[in-house]
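Structure at a glance
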Amino acid sequence: MKKSIITLLAFCGLLGASSCDKNNNLLLFGIEQDKQLGQQVSNEINNDPSYNILSESQNREAYAYLEGMRDEILNSGAVEYKDDFAWELKIIDDQNVLNAFATPGGYIYVYTGLIKYLEDPDDLAGVMGHEIAHADLRHTSRNLQNNYGIQILLSIISGQADSELSQIALGLATNGALMQFSQKFEKESDLKSVEYLAGTKYRCDGAATFFQKLEEENPANEDIFSQISAFFSTHPQPADRADYIPEEAEKVGCSTKPSGESSQQAYDLFKSNLGLL
């Protein structure tokens, strides 16, 4: 491990400090590798019919709403890689899945099951901020560095292992193993979502209400519990997240007031357009 760290430091030194990450992480993968990997993962997902991605042309109003929420978060002034990543957004039509995820390079996927479950726009904005944070904090690339080792990543970066990168992309699209994050990374994204939302119209602790609801329904609502039991095993417990997210909001000093009646009406129309009301 010590030798690997020294190799990484030397590599960063050769390329310059700017190669080492805007979030002060020693990260071998550069932004171009994040973008390349994200594009490959996105292509795999978009071509996989099991994901059942909703057509943008047939759901223009719904996509416009969700993209507006995404853009407000991106324009909060706190997203480090706002101008570097694609930030493309897709809606996956599966009402049995309470989930959203983001790939390297800012490709965001939101399931209709999650949209249906969340009752107000601030909740969804909190989750959106959380997923944007996973990409912005480059959690998948940090996982790659931990799991694949520096020598393989150096080969990928030098162009000597393009097939390896393709296999990684296929694995991410197929089972998302490297997008299953540690509790440390999940908490980083939770806290970063507060910072993002502080610069928007949404209540900055919006992610907390999602976890409060999960905690209340676990395990009383067996249908919901069956969908999220695996989620509980790898993520910080909802009760903990429902506590430390508001604590971060208090620390930041941002607004925890709901975004308002007009915002709620727009959200209800969004859900209605998707047939979720």
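Here goes a summary of the coordinates provided. This is a predicted model, so every value here is computed, not measured.

What follows deals with the sheet that holds strand 3 (residues 107-111). Taken in spatial order, the three strands line up as 1-3-2 in an open sheet, and their pairing is mixed. Strand pairing shows two members of the sheet lacking a second neighbour, strand 1 (88-92) and strand 2 (100-103), which therefore form its edges. For this sheet the average axis-to-axis angle between neighbouring strands, irrespective of direction, equals 15°. As judged from the four bridges shared by strand 2 and strand 3, these two strands associate in the antiparallel manner. Across the sheet, residue Thr 103 finds its bridge partner in strand 3, namely Tyr 107. Running at roughly 35° to strand 3, helix 2 (residues 31-46) makes contact with strand 1, strand 2 and strand 3 of the sheet. Here helix 3 (residues 60-74) sits on the sheet and contacts strand 1 and strand 3; the angle it forms with strand 1, its principal contact strand, is near 130°.

Before going further, it helps to spend a moment on helix 3. The end-to-end C-alpha separation of helix 3 is 20 Å, in line with the 21 Å expected for 15 residues at 1.5 Å each. For helix 3, the full list of buried residues reads Ala 62, Tyr 63, Tyr 65, Leu 66, Met 69, Arg 70, Ile 73 and Leu 74. Contacts made by the buried residues of helix 3 are with strand 1, strand 3, helix 5 (121-136), helix 9 (183-197) and helix 13 (261-273).

Here the focus is the pattern of salt bridges. Per the counting criterion, the structure on display carries 12 salt bridges. For Lys 35, the salt bridge is made with Glu 32, and the minimal N-O distance between the two is 3.4 Å. Within this pair, Lys 35 and its partner Glu 32 are both found in helix 2, separated by three residues, close to a single helical turn. It is possible to trace a salt-bridge network through shared partners that takes in Glu 186, Asp 190 and Arg 241.

Calculation notes
- Residues numbered from 1 in each chain as written.
- Predicted model: local features only at pLDDT ≥ 70, side-chain atom pairs only at ≥ 80, totals over all residues.
- Heavy atoms only, no water.
- Pairing = 2+ DSSP bridges.
- Helix = DSSP H or I, 4+ residues; strand = E, 2+ residues; numbered from the N terminus.
- Axes fitted to C-alpha atoms, helices over the stretch in contact; angles between N-to-C directions.
- Contact = heavy atoms within 4.5 Å.
- Expected span 1.5 Å × (residues − 1).
- Buried < 20%, exposed > 50% of the residue type's maximum accessible area, 1.4 Å probe, protein only.
- Salt bridge = Lys/Arg side-chain N within 4 Å of Asp/Glu carboxyl O.

The values are spatial; any link to function lies outside them.
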